[in-house]
Every structure is written in C-alpha cells, then in structure tokens.
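Remarks on the overall topology
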Amino acid sequence: MPMGRAEEDVLTVVGDSLQGLLRLPVDLLDPIPIPQHTFMEERNQYNAMGIIKFMDQEYPANPVKILGVTRADLCNPILTYVFGEAYMGGKSAVMSYARLHMGTANKFVSREQFLDRVVKVAIHEIGHTFNLPHCHQGRCVMRPSNTIPDLDSKLNYLCPYCELFLFEALSALLRGR
Amino acid sequence: MNAKNRFMVVDDELIVRESLAAWLEKENAVVDRAESGEQALDFMQQNLYDILFVDIKMPGMGGMALLEKVKKSFPTTVVVIITAYGTVEHAVQAMKLGADDFLVKPFDPEGLGLLVTKLLEHKRLLEETHYLRSEITKCWGGTDEIVGRSRPMLELFDTIMEIAPSESSVLILGETGTGKELIARAIHAHSKRMGGPFVPINCGAIPESLMESEVFGHEKGSFTGADRPKKGLIEVAKGGTLFLDEVGEITPKMQVDLLRVLQDKAFYRVGGVDPIQADFRLISATHRDLTQEIAAGTFRQDFFYRINVITLRVPALRERKEDIPILASYFLKKIAVETNRPVDSIQEEAMRILVEHDWPGNIRELQNVVERAVVTAKKTVIGPDAFAYLNPQAHGPSIDSDSRSLRHVEMNHIRRILEEEEWNISRAAKILEVDRSTLHNKIRKYGLKRAGDTPL
C-alpha cells in the first residue's frame, strides 16, 4: 500500500518480489496519505511504529499482511532512522525508500541497484511479520542491515533455513484462517 | 548473537519500551519489559538477564539506584543506561557507578547493533574469565588440597581467603611437615597474581655460593662458568608469587640483598648494571622462631619486618587431632590408587593409635606412616599391628623425653613381649633369649606390671 506519493516501478518491484517469495497473490492498494499524527516535527521524520499501529487499526481484517511503502524518511522513538519497521509476528510493516538512492560521494546509485535495495527491505520487513528473527547465516536477506553498505552486501532472498521457517509460519497462518 | 539471549528494557515510557524491545526481539532474544526499577528487581528474582537497558530517569527508583542494586547482586549482568539528549553528564556518572555503557536517545541504528554485539561478547568474556580463573585455582591446588575440618584449620582457610587478594608479604609459621607450601600455593591460587608463576625457593637447599645467582640471575661473563646470561628466580616470578621456604636459613648477606629488592622494587643481575623491575608478591615460611634468631643476631630485624606484614600460623598436627582420621583416610585413598593396592580403610583401633600419636613430623610423617601401612598391608583393612611401632607403650604411660634412651627401649621391649605372651615368663624369656631370673630382675627393676595387677 503506497503511503503518500510512491513511484510506479517501486510498487511493481515490491509487489512482484513478495508474490514470488510468498507464492500468494499480492494486491496493490490505493494510496493513502501518511497519517499526520505520526510526524515528529523536531526530527522532521515520521514515526514508523506509529504508522504500523495506525495500519493495524485501519486494516484489521482481510489481508494476511500489509506493507506500507513510502518515500518519506522514517524513524522510531529510539532510532535516528529506519529503512523499514515491523513487529515480530505483527500484521503490518512499513518501509521507506528515502535513503535507498544514496551512493558514494553524494551520488545516486543506478535505478537497478536502488530497486534491488527496495526489494531487500520489503522482504526483510515482511519476514519479521512472519516471525523470522535476524539471521546471521551468510548473506541471507534477514541479516540485520543498519546501513546502506550492510544492505548492499546481503542477497535479496532468504537462506534455506529462513525460507523453511517462513513457509511453516505461512502454512500455520493459512490453516488458522 | 546467540539464540535466546535474555534482555530487559526498563523504562517508564511505553513507547521507548516497545520500540527497543521490538528491535531486540528481532535478534531472536527474549525481552522483558519493566516500567519501573522496582518491577525490574522483581523480574530479576525470577530470571537471569544478559543485558539490562535502563532509563536513567524514572519515577520511584531511578536508573542509578537500580544500577547500584543490580551491580551488587548480579555482577555479571551488563547494564546499559539510556539517557535523553542533553543529560550526558548523568551517563558519565552512571559509568562511574559501574554501568557498562550508555545510549543517548535517539540512537543510531548501527550503533545500537554494534553495542549489543560488543556487550554480549564482553559478557561472554567475563564468564569465560570467571570459569578459567576457577580452573587455574584448581590447577594451583587452592584450598581444596588442604585437608582439615578442625576449628584452627577453618580459621586458617578464612584468613587465606581474606589476605589472598592483597599484595602484602606473608610469613607462614609452622613446624616442619605442616604443609606450609600448600598454604602458600593456596594464597597464590586465590590472589590476583594467579595467572602468573608460583616460584618456590628452598633457601635451606641451595648452597650459599649459588644462592645469589639463582635468585638474582647473572650476566654473561660475570664469573667463571657464566657463559651466558641467566634469569634469576625473582625475574622468573614476574607477575606471580615468590615463595621463600625456610627463610630462616638465609645468610645475613642475602637478607640485605633481598631487603633492598623489597624496598626498591628493583634488582640487578650478578654482574649486571641495568636495574630490573621486580614484580612479585613475597610469601616466606619458616619453622624457626625468628624473634629468637633476631635476638641472637643471626636474623635481621629490618628484613623480618619486611617479610612479616601478615603472619599465618599453621597448627601442628597434634593441635588438631580431630583432623587425623580425615587426613589418614585421604592419604590412604590417594596412596592406594597411586600404588594400586586394594586397601580401603583403617580399623577403628588402628585409627585410635594414629590419633593418640604425637606426630613430631606432622602431616609429612602421617603420610609416610600411612604409605608404609598401605604398601605392607596384607588385607583390605589396616589393623592396629600396622601402627604398633608408633606406640610401643600401648596403654602405658606416655612417652617422655627419655624415650630414646636404651633403658626405655629395653623396658618397652620387655613389656611388649610380656604382653604378647600374656605374661608367660618362660615363653617371654625364651623369646628375649635371657634366663627367667634375669627377666624377673628386669621386671622388678622397671616396675613392670600386668594390666590390672599391683606392681611387683
């Protein structure tokens, strides 16, 4: 679900990659504005945790999981910035691509590399909503990445262990429904 | 990060508790949330935590008070203090109180990740050090090697534990064979220097002419035969403990040299010109009465004061007779295993002989007596016969200082043979290879009597 204005190719690549990963239909929802109460004026950023709470309240029933995608810069009450945010086993997640253009020496990276980063953040946050913790196996996409170089050094897919845990969580969830 | 680390976030602000806990949970950790210091202490009674994240400012018990309490009761739990921007001076104060690190809100995500990884590694190292220290203590023997449950020994164990961590010189007094070196090793094992060497020097065993170069080392060419430089034992003891056994045997010249080392904390190798830093703790031991030696002028008073900052007295075995059965059984088991002999216990009657004996040679003598009994034992249980030689006057008057005289030996021998032969004079005389009349004369002369009879 786009929050505020989000570019077409970003939404497409996120939708496609999640559909490929989960093997479930992914719907693109209509955009909504970012809830204004989550804006932290003193930091000029939006509180990602506030956004997640808002999404949990606004979309309680139908979709299995919901991912908000925004170009606005996100943070949370304790961290100066986040690429994305999700609660373990939660229903909603949110990601920002405000910082994903950055290359070295103040240059933007290629669109291709940028979209690769977008995919990694999207899968990582959705992974948390399926109870996947951070993974320290090789270059799995669930490896924690607090900086752009961290993000670039990992792969854009799950390691076999995380994939197994994801499908176990997914089938448990679908059985429950 | 290992699975199932346990963290606790202590903050009165729900939003901070939730965000930090959510972040930590992604690391596959169990995270508890407490909204006050009091609640945190309650949780700590139930679980052991790896890291506590504590807000410095909370109503009721503040972060500082909680930090102090936690560090007192759970010293290996790592505590990170969380402060708001602008109150960093409080964080400094917290670090002084023992906090392991601090975070200023809001934190940089990379910093938080690195901090948690670093602190978990720090905690792992703390625990590893703790484990290795206990292993090293075991290697040195510690107090486990010293056997005894008597009051004087329990007091001695307490004193060892008390004095071990200090750097002060220790003088151990005690008769020969009481285990002075074991005590010295136990002090070393429980001191901060346990990672360093324990260097014993038997001052009585090294010839005077060699003592100087043994203790201080020498440079190449400093005397005939010094074809290469050699480290002295003081240098070898760097970072550890130097144990001067039989310190009463040290020559007056050596006393002056050692006194200088103790005062200046530096020394020279024989023939050397560069001072070498001395870094050792001194433990000395002697069976002599050094105050008498000082009065006689053979021991220097100033040296005595230097080595005698703390005095430990090891009780003689006869002063702790209740330990004899424990010690005897301990040696029996040890020696039986070493010599592969199927001996497993000492009869009660035999044990009584051991307890009644005076043990002038103390524990060393006891060990030798038990060893002899084990080696010569023909049964699995050691009977009183094995120790008969210790107490030839069984049931008789105690052995006085004349017991080594020929007269006493003869008297005791006759008494023993008579008792063995149930006072049958003819048989006893035959064994003793004397006439019956001679035996009668001897019995009269020594006033020997059969148990229960009036003197002859």
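Residues numbered from 1 in each chain as written. Chains lettered and ligands numbered in written order. Predicted model: local features only at pLDDT ≥ 70, side-chain atom pairs only at ≥ 80, totals over all residues. Heavy atoms only, no water.

A short note on the overall build of chain B
Put simply, the test is: Secondary structure follows DSSP: runs of H or I at least 4 residues long count as helices, runs of E at least 2 residues long count as strands, and numbering of each begins at the N terminus. In this scheme, a residue with accessible area under 20% of its type's maximum is buried, one over 50% is exposed, and one in between is partly exposed, where area comes from a 1.4 Å probe on protein chains only. Contacts are assigned to residue pairs that have any heavy atoms within 4.5 Å of one another. Note on areas: these come from Shrake-Rupley sampling with a 1.4 Å probe, and a residue is covered only by the protein chains present in the view.
A count of helices and strands for chain B gives 18 helices and 16 strands. Per-residue burial for chain B yields a buried fraction of 45% across its 456 residues. Residue pairs at least 24 apart in sequence account for 67% of intrachain contacts in chain B once pairs closer than 6 positions are excluded. As displayed, chain B has an accessible area near 23900 Å², and 52% of this comes from carbon and sulfur atoms.

Side note on the interface of chain A and chain B
Many structure descriptions define interface size as the accessible area lost when the parts assemble. So the rule is basically this: A simple way to read buried area is as the amount of 1.4 Å-probe accessible surface that goes missing from two parts once joined, with both sides added. The working definition used for a salt bridge is a side-chain nitrogen of Lys or Arg within 4 Å of a carboxyl oxygen of Asp or Glu. In this count, Pro and Cys sit with the nonpolar residues alongside Ala, Val, Leu, Ile, Met, Phe, Trp and Tyr, while Asp, Glu, Lys and Arg are called charged and the others, Gly among them, polar.
Contact residues are listed per partner, giving 20 residues for chain A and 19 residues for chain B. Interface of chain A and chain B: buried area, both sides summed, is about 1800 Å²; carbon and sulfur atoms make up 65% of it. If you sort the residues of chain A by the area they bury against chain B, Ile78, Leu79 and Asn146 of chain A come out on top, with a joint share of 33%. Summed over the shared surface of chain A and chain B, the number is one salt bridge. Glu85 of chain A is the salt-bridge partner of Lys26 of chain B, the closest N and O atoms lying 2.7 Å from each other. Of the residues forming the side of chain A that touches chain B, the biggest block, three residues, is contributed by strand β6 (residues 79–82) of chain A. Classifying every residue of the side of chain A that touches chain B gives 10 nonpolar, eight polar and two charged.

Regarding the packing of helix α13 (residues 324–339) of chain B against helix α15 (residues 362–376) of chain B
All names here are of chain B. Threshold: Here an angle of 0 to 180 degrees is reported between the N-to-C directions of two axes, which are lines fitted to C-alpha atoms, with helices fitted over the stretch in contact. Note on terminology: angles under 35 degrees are roughly parallel, angles over 145 are roughly antiparallel, angles of 65 to 115 are roughly perpendicular, and the others are oblique. Rotating anticlockwise by less than a right angle from the far helix to the near helix defines a left-handed crossing, while the corresponding clockwise rotation defines a right-handed one.
At a minimum axis distance of 9 Å, the contact between α13 and α15 shows a crossing angle of 50°. Considered as vectors, α13 and α15 are oriented oblique to each other. For α13 against α15, the interelement crossing comes out right-handed. Residues Ile324, Leu327, Ala328, Phe331, Leu332, Lys334, Ile335, Ala336 and Thr339 of α13 pack against Ile363, Leu366, Gln367, Val370, Glu371, Val374 and Val375 of α15.

Some remarks on the nonpolar core
Threshold: For the purposes of this section, nonpolar cores are sets of buried Ala, Val, Leu, Ile, Met, Phe, Trp, Tyr and Cys residues that join through side-chain atoms within 4.5 Å.
In terms of nonpolar packing, the biggest core is built from 41 residues, with Phe7, Leu20, Leu24, Ile51, Phe53 and Val116 of chain B touching the most fellow members. Going through the elements one at a time, α2 (48–58) and β6 of chain A together with β1 (6–10), α1 (14–25), β3 (51–55), β4 (78–84) and α5 (109–140) of chain B are the ones with two or more residues in this core. Residues within four places of Phe53 of chain B in sequence aside, it is in contact with Phe7, Met8, Val9, Val10, Leu20, Leu24, Val80, Ile82, Leu103, Leu115 and Val116 of chain B. Judged by nonpolar contacts, the second largest core, of 38 residues, contains Tyr81, Leu115, Ile123 and Leu151 of chain A.

Things to note about the packing of helix α17 (residues 425–432) of chain B against helix α18 (residues 436–446) of chain B
Each packed pair of helices is defined by two parameters, the angle between the axes and the distance between the axes. Residues and elements named next belong to chain B. At a closest axis distance of 9 Å, the pairing of α17 and α18 adopts a crossing angle of 100°. Classified by the angle between their axes, α17 and α18 sit roughly perpendicular to one another. Judged by residue contacts, Ile425, Ser426, Ala428, Ala429 and Leu432 of α17 engage Arg436, Leu439, His440 and Ile443 from α18.

Some remarks on the pattern of salt bridges
For the structure shown, the criterion picks out 37 salt bridges over all chains. Across the salt bridge formed by Glu163 of chain A and Arg23 of chain A, the nearest N and O atoms sit 3.8 Å from each other. In this pair, Glu163 of chain A is assigned in helix α5 (residues 160–176) and Arg23 of chain A in the loop between α1 (8–22) and β2 (39–40), connecting sequence segments 140 residues apart. On the basis of relative accessible area, Glu163 of chain A is assigned to the partly exposed category, the value being 32%. You can call Arg23 of chain A exposed: its relative accessible area is 60%. With a shortest N-O distance of 2.5 Å, Glu175 of chain B and Arg318 of chain B are connected by a salt bridge. Taken together, the residues Glu175 of chain B in the loop between β6 (170–173) and α7 (180–189) and Arg318 of chain B in the loop between β14 (310–313) and α13 connect sequence positions 143 residues apart. Judged by relative accessible area, Glu175 of chain B falls into the partly exposed class, the value being 26%. Counted as one network, the salt bridges with shared partners bring together Glu7, Asp9 and Arg111 of chain A.

Some points on the packing of aromatic side chains
Describing an aromatic ring pair means giving the distance of the ring centres and the angle of the ring planes. Residues and elements named next belong to chain A. Operational definition: Aromatic pairs are defined between Phe, Tyr and Trp rings, using the six-membered ring for Trp, whenever the two ring centres lie within 6.5 Å; interplanar angles under 30 degrees are classed as stacked, those over 60 as edge-to-face, and all others as tilted.
Applying the stated rule across the entire model yields nine aromatic pairs over all chains. Relative to Phe114, the ring of Tyr97 has its centre 5.7 Å away and its plane inclined at 75°; by these criteria the two rings are edge-to-face. Taken as a pair, Tyr97 in the loop between β8 (92–96) and α3 (111–129) and Phe114 in helix α3 lie far apart in primary sequence, 17 residues in all. For the pair formed by Tyr97 and Phe114, the shared burial category is buried.

Describing a nonpolar patch on the surface
Quick note on the threshold: Any residue with relative accessible area above 30% and no salt bridge may belong to a patch, with like charges joined within 9 Å and the nonpolar Val, Leu, Ile, Met, Phe, Trp and Tyr side chains within 5 Å.
On the surface, Tyr161, Leu164 and Phe165 of chain A cluster together into a nonpolar patch covering about 340 Å² of accessible area. Within the secondary structure, Leu164 of chain A sits in helix α5.

Focus: the confidence of the model for chain B
Residue and element names in this part refer to chain B. Under the convention used in this document: Each residue carries a pLDDT value, the predictor's own confidence for that position, ranging from 0 to 100.
Averaged over all residues, the pLDDT of chain B is 85; the fraction at 70 or higher stands at 93%. Looking at the elements of chain B, mean pLDDT is at its lowest for helix α4 (residues 88–96), recorded as 82, and at its highest for β6, recorded as 94. Residue range residues 394–401 is modelled with pLDDT below 50. Its contacts to residues more than four positions away, or to other chains, number six contacts. Predicted as a complex, the structure gets a pTM of 0.57 and an ipTM equal to 0.84.

Quick word on the environment of Tyr305 of chain B
Topologically, Tyr305 of chain B is positioned in helix α12 (residues 301–307). Distance from Tyr305 of chain B to Ser169 of chain B, taken between C-alpha atoms, is 9.7 Å for residues 136 residues apart in sequence.

Things to note about the confidence of the model for chain A
For chain A, per-residue confidence averages 90 on the pLDDT scale, and 98% of positions sit at 70 or higher. The lowest-confidence element of chain A is α5 of chain A, averaging 88 in pLDDT; the highest-confidence one is β8 of chain A, averaging 95.

Thoughts on the sheet that holds β8 of chain A
Residues and elements named next belong to chain A. Short version of the rule: For two strands to be treated as a pair, DSSP must find no fewer than two bridges joining them.
Across the sheet, which stays open at both edges, the four strands sit in the order β1-β4-β8-β7 with mixed pairing between neighbours. Only two strands of the sheet have a single partner each, and these edge strands are β1 (2–3) and β7 (84–86). α1 contacts β1, β4 (66–70) and β8 of the sheet and is inclined by roughly 155° relative to β4. Its contacts with the sheet place α2 against β1, β4, β7 and β8, and it is angled at close to 140° to β8.

Notes on α1 of chain B
Filter applied, for reference: Here a helix's expected span is defined as the number of its residues, less one, multiplied by 1.5 Å.
In a regular helix each residue adds 1.5 Å, so 12 residues correspond to 16 Å; α1 of chain B covers 16 Å between its end C-alpha atoms and thus fits that length. Three or more residues of α1 of chain B are buried, namely Val16, Arg17, Ser19, Leu20, Ala21, Ala22, Trp23 and Leu24 of chain B.

Re helix α14 (residues 348–356) of chain B
Residues and elements named next belong to chain B. Threshold: Think of it as the arc spanned by the lines of direction from the helix axis to the C-beta atoms.
Listing the buried residues of α14 in full gives Ala350, Met351, Ile353 and Leu354. All buried residues of α14 fall inside an arc of 150° around its axis, so they share one side. Buried residues belonging to α14 abut α13, β15 (345–346), α15 and β16 (381–382).

Here's the deal with the pairing of β6 of chain A
Here is the key point about a regular strand: its side chains alternate between the two faces of the sheet. Residue and element names in this part refer to chain A. Of the pairings in the sheet, the one linking strand β5 (residues 74–76) to β6 comprises two bridges and is antiparallel in character. Along β6, the bridge assignment pairs Leu74 with Val82. Where β5 folds back onto β6 in an antiparallel hairpin, the turn is made up of two residues.

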